[in-house]
Structures are given as structure tokens and as C-alpha cells.
Amino acid sequence: MAADQPRQERMAATFMSLASVFIAGMEYIDRPEPGEFVEAEPDWYVTFNLVLHGAILAMLLLALIRLPKMTADRPGLRLPFTAMILVGIAAAAYVVGVDLGMV
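The rules we used
Residues numbered from 1 in each chain as written. Predicted model: local features only at pLDDT ≥ 70, side-chain atom pairs only at ≥ 80, totals over all residues. Heavy atoms only, no water. Helix = DSSP H or I, 4+ residues; strand = E, 2+ residues; numbered from the N terminus. Contact = heavy atoms within 4.5 Å. Buried < 20%, exposed > 50% of the residue type's maximum accessible area, 1.4 Å probe, protein only. Polar contact = N/O pair within 3.5 Å; in protein donor to acceptor, adjacent residues only side chain to side chain. Core = buried A, V, L, I, M, F, W, Y, C linked by side-chain atoms within 4.5 Å. 1 Å grid on protein atoms, 1.4 Å probe; cavity = no way out; pocket = protein on both sides within 12 Å on 5 of 7 lines; lining within 4 Å. Points joined across faces, edges and corners; volume = space filled by probe spheres on them.

J.: Looking at this structure, how should I read the side chain of His53?
T.: By the element assignment, His53 lies in helix 2 (residues 43-65). Sequence-distant contacts of His53, that is, excluding residues within four places in its chain, are made with Ile23, Val95, Val96 and Asp99.

Below is the structure:
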């Protein structure tokens, strides 16, 4: 492992949170208008997206669990990282809900 593992975990959590917010924003922009005809996507594509977005959600939940260890050397970062990870989790949950057809 690297010498500065908490820093790498903080960077990974930041990237995953920003990526999930970006993906959720793109999903929200790309939603169809009411009454618009939508062509069905292939099953493999839907499954791939569901697995990918579910993995991002799982990794963000893991980052939330590991947050005390990630911020042990910098306790001032605990609140901003908690908020950032929670926003990322909400965005990833929205995308998984869209993938499952629940939203």
C-alpha cells in the first residue's frame, strides 16, 4: 500500500462523489418529456449500467464507513467530506433508481 493511504481514499471519495453527481445530472437532463415515445435500450446495456452505478453506490457507502480513518489526520475535513459523500450517495441512489425504473 501507499504511504499516504488516507489521502488516496479522500481523493477517491471526492472523485466518486463528483462523478455520481455528474452522472445524476446527465440522467436528469436526458429524461424524456411526458408523452414522448422512448426507444427501449438493450438488456445488456441496462444491466451494465445498473451494475456500474450500483458499484459506485456501494463504494460511496464504503467511503462513508471508512470516513473516520480517512480524516483521522485532518479532523477539520470530517464535516465537508461527510456532506460530499452523502450528496454523492443521494445522486448515485437516484441513478440506480432510474436504472431500476423506480424514478
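Resuming the write-up.
J.: For this particular structure, what's the right way to read the environment of Thr14?
T.: Inspection of the secondary structure assignment puts Thr14 in helix 1 (residues 5-29). Look at Thr14 and you get partly exposed, because its relative accessible area is 24%. C-alpha of Thr14 to C-alpha of Leu60: the two residues are 46 residues apart in sequence and 9.6 Å apart in space. A distance of 2.8 Å separates the side chain of Thr14 from the backbone oxygen of Arg10, its partner in a polar contact.

J.: I tried to follow the nonpolar core on my own but got confused; where do I start?
T.: The nonpolar side chains of a soluble globular protein tend to be buried with one another. Residues Leu60, Met70 and Ile85 are the most contacted members of the largest nonpolar core, which totals 13 residues. Where this core is concerned, the elements lending two or more residues are helix 1, helix 2, helix 3 (67-70) and helix 4 (78-100). A per-element tally of this core places helix 4 first, with five residues. Among residues more than four places away in sequence, those in contact with Met70 are Pro6, Glu9, Arg10, Ala13, Ala63 and Ile85.

J.: It is not clear to me how the side chain of Arg10 should be interpreted in this structure. Could you clarify?
T.: Note on placement: Arg10 falls in helix 1. For Arg10, a relative accessible area of 8% translates into the label buried.

J.: Just checking my understanding: could you explain empty space enclosed by the protein for this structure?
T.: Where empty space is left can be seen by rolling a probe of water-molecule size over the atoms. Under the counting rule described, the total for this entry stands at one cavity of 30 Å³ or more. By volume, the largest cavity amounts to about 30 Å³. As for the largest cavity, its lining consists of Ser20, Ile23, His53, Ile56, Ala92 and Val95. Of all the secondary structure elements, the ones that give two or more residues to the lining of the largest cavity are helix 1, helix 2 and helix 4.

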